[in-house]
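Here's the letter readout for the chains.
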Amino acid sequence: MLQTLLRIRLDDLWSTEPIDGTAAIGVGWLLVAWFVVGLMWVAWHWKSLSWNADTRSALSFWGVVAVFLGCARVWLWFLSMAVPTPQGIPVYGYGFMLFLGFLAAGWTAGRRAESVRISREVVWDVGMWLFVAGIIGARLFYVIQYRDRVFLKQVDGELVPRQGLELVRAIVNLPDGGLVFYGSVITGILAFALFCRVKQVNPLRLADVIIPSAFIGLAFGRVGCFLNGCCYGDRCELPWGVEFPQGSVPFQVLVDRGFLSVDAAATFALHPTQLYSTLNALILALLTHAYFRYRHRDGAVLAVGWIAYPITRFVIEYLRGDELGRFGTTLTISQWMSLALFASGLAFAAWLNTRPRGEVFPALAPPPRFT
């Protein structure tokens, strides 16, 4: 578990001194890193550069970036003077992994899209729509499912409602975790349908392109869950069981449920279900990516992912300890959602099978192998 990866100092450009045991760097190092990335980009494209409109456009872009960095540096200096931040700005592991997942998903989907004559720009555009809609939907689902945690707080051993700004902060408090994947699926589908309608893109073909990459993004997100401590497992007697420290999300929940003493140093060993989910997502990504070249019609890859994921999620839920059974059963909300998703996936596959086999856009070349 590592909720905070590092802290960024605004009051010292080049400091590398830790803050309360957490790695910390001055903001100057980030500017240097950005400059190095820019040099690497120029070196990578140097042979292909020619003094034409494209080159001038690229150089103009980096000129704008340079001006932006200069303005950013002035703003950060002003911020450090006006608002002292001795603890620095935290970089949370959860959010950082979501960011990496978005980049990895966009890059892999972009390469796959070119094999069926879909531009990378379309992939990045729909990626932004899905990312924003997914975060909103996942958070709304969490707020609804765990409304007692969000809307109530303990004061002197009693639950009292949060009000005003405190309630707003609790609703949008992503650093403490609180994203439900199935919530992102619901809003993501709506955003995807709207995007395809606005941009006049074949939705089934585009879905086949992005499904493998969606699983890659999910894999990164589950690593973020592990760093944050959410989505934890039930008691584990196996050698790889994980103990979460005092103050973590699973520690507090187990104390509230009466399974753990408030004076304990850490939780008892729990299944690292976040890492099980990461491995599961990577396997599904490889499966759907491999199937992409053999699909018999547009939408076939979507059907495979649509049916396969709820099966594995339903099984993993038996090892998780963060959710309790609902509707008078031992099945969690996610298991009920898995059943619904599985049934709808079968219905979609049956409908898809009625379509002519010729209605598929053949790949111009096999999708790239990622090694």
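What counts and what doesn't
In this numbering scheme, every chain counts its residues from 1 along its sequence in written order. Per-residue local features of the predicted model are confined to residues with pLDDT of at least 70, and side-chain atom pairs are confined, for both listing and counting, to 80 or more; whole-chain, interface and lining totals are unaffected and use all residues. Side-chain metrics rest on all non-hydrogen atoms present in the structure, leaving aside hydrogens and water. A pairing counts as a salt bridge when a side-chain nitrogen of Lys or Arg comes within 4 Å of a carboxyl oxygen of Asp or Glu. Buried means the residue's accessible area, taken with a 1.4 Å probe over protein chains only, is under 20% of the maximum for its type, while exposed means over 50%, and partly exposed covers the values in between. Only residues whose relative accessible area exceeds 30% and that form no salt bridge enter a patch; like-charged residues are grouped when within 9 Å of one another, and nonpolar side chains (Val, Leu, Ile, Met, Phe, Trp, Tyr) when within 5 Å. Under the convention used here, a 1.4 Å probe and the Shrake-Rupley method define accessible areas, while residue burial counts only the protein chains that appear. Secondary structure elements are defined from DSSP: runs of H or I of at least 4 residues count as helices, runs of E of at least 2 residues count as strands, and each element is numbered from the N terminus. By convention a nonpolar core is built from buried Ala, Val, Leu, Ile, Met, Phe, Trp, Tyr and Cys residues, the set being connected through side-chain atoms within 4.5 Å. Criterion for a disulfide: a pair of cysteine sulfur atoms within 2.5 Å. The term polar contact refers here to a pair of N or O atoms within 3.5 Å; inside protein, the definition further demands a hydrogen-donor-capable atom paired with an acceptor-capable atom, and it admits residues adjacent in sequence only when both atoms are side-chain atoms. Here, a strand pair is defined by DSSP locating no fewer than two bridges between the strands. Between N-to-C directions, angles span 0 to 180 degrees; the directions come from axes that are lines fitted to C-alpha atoms, helices contributing only their stretch in contact. In what follows, residue pairs with any heavy atoms lying within 4.5 Å of each other are defined as contacts. A helix is expected to reach a length of 1.5 Å times the quantity of its residues less one. Between 30 and 60 degrees the pair is tilted, below 30 it is stacked and above 60 it is edge-to-face, where a pair is any two Phe, Tyr or Trp rings, Trp via its six-membered ring, whose centres lie within 6.5 Å. By definition here, charges over rings are those cases where NZ of Lys or CZ of Arg is within 6 Å of the ring centre and within 35 degrees of the ring normal.

(A) Structural context of the pattern of salt bridges. Taken as a whole and judged by the stated rule, the model has 7 salt bridges. One salt bridge connects D298 with R295, and the closest N-O pair in it is separated by 3.8 Å. Here R295 falls in the buried class, since its relative accessible area comes to 9%.

(B) Looking closely at a nonpolar patch on the surface. A cluster of nonpolar side chains, contributed by M128, W129, F131, V132, I136, L140, L194 and V198, occupies part of the molecular surface with about 710 Å² of accessible area. Of all the secondary-structure elements, those providing two or more residues to the nonpolar patch are helix 4 (120–145) and helix 7 (181–199). Per-element accounting of the nonpolar patch gives the leading share, 6 residues, to helix 4. Checked against the element boundaries, I136 lands in helix 4. You can call I136 partly exposed: its relative accessible area is 47%.

(C) Highlighting the nonpolar core. The biggest cluster of nonpolar side chains holds 37 residues, and the ones touching the most others in it are I118, F192, F195, L206, V209, F215 and Y309. For this core, the secondary structure elements donating two or more residues are helix 3 (93–114), helix 4, helix 7, helix 8 (203–228), helix 10 (273–292), helix 11 (300–317) and helix 12 (333–353). The leading source of residues in this core is helix 8, at 10 residues. Among the nonpolar cores identified, the runner-up in size contains 12 residues, and V242, F244, L260 and A264 belong to it.

(D) Representation of the state of the cysteines within the structure. Here the structure, examined in full by the defined rule, presents 0 disulfides. Here C230 is not cross-linked by a disulfide; its sulfur's nearest cysteine counterpart is in C225, at 4.0 Å. For C230, a relative accessible area of 9% puts it in the buried group. Of all cysteine sulfurs, the one in C225 lies closest to C231, which takes part in no disulfide; the gap is 3.8 Å. With a relative accessible area of 10%, C231 lands in the buried category.

(E) Structural context of the side chain of D298. In this structure, D298 sits in the loop between helix 10 and helix 11. What makes D298 buried here is its relative accessible area of 5%. Within the structure, D298 has its side chain in polar contact with the side chain of R205 (distance 3.1 Å).

(F) Focus on the sheet that holds strand 3 (residues 89–92). Read across the sheet, 3 strands follow the order 2-1-3 without closing on themselves; strand pairing throughout is mixed. Strand pairing shows two members of the sheet lacking a second neighbour, strand 2 (24–26) and strand 3, which therefore form its edges. Averaged over all pairs of adjacent strands, the angle between strand axes in this sheet comes to 30 degrees, irrespective of strand direction. The pairing of strand 1 (residues 4–9) with strand 3 spans 4 bridges and is antiparallel. Bridging across to strand 3, L6 finds its partner in V91. Of the strands in this sheet, strand 1 and strand 3 are in contact with helix 3, which crosses strand 3 at around 55 degrees.

(G) Structural detail: helix 11. Taking 1.5 Å per residue as the helical rise, helix 11 with its 18 residues ought to reach 26 Å, and the 26 Å between its terminal C-alpha atoms agrees with that figure. In terms of burial, helix 11 is a largely internal element, 13 of the 18 residues being buried.

(H) Representation of unusual backbone geometry. In this structure, R117 takes a positive phi of about 60 degrees despite not being glycine. Among the secondary structure elements, R117 is positioned in the loop between helix 3 and helix 4. One non-glycine residue with positive phi stands out, namely F327, at about 60 degrees. Mapped onto the elements of the fold, F327 is located in the loop between helix 11 and helix 12. Residue F327 is classed as exposed on the basis of its relative accessible area of 65%.

(I) Structural detail: the packing of aromatic side chains. In this structure the tally under the stated criterion is 10 aromatic pairs. Judged by centre distance (5.7 Å) and plane angle (65 degrees), the rings of F102 and W124 are edge-to-face. Here F102, found in helix 3, pairs with W124, found in helix 4; they are 22 residues apart in sequence, far enough to count as distant. Of the residues examined, W124 reaches a relative accessible area of 28% and is grouped as partly exposed. Arranged with centres 5.3 Å apart and planes meeting at 75 degrees, the rings of W129 and F195 form a pair that is edge-to-face. Of the two residues, W129 is situated in helix 4 and F195 in helix 7; the sequence distance between them amounts to 66 residues. Of the residues examined, W129 reaches a relative accessible area of 31% and is grouped as partly exposed. The buried category is assigned to F195, whose relative accessible area is 1%. Among the aromatic residues, ring-to-ring pairing joins F102, W124 and F131 into one connected group. Lying over the aromatic face of F268, R235 brings its terminal NZ or CZ to 3.9 Å of the ring centre. Over the ring of F292 we find R295, and its NZ or CZ is 4.4 Å from the ring centre.

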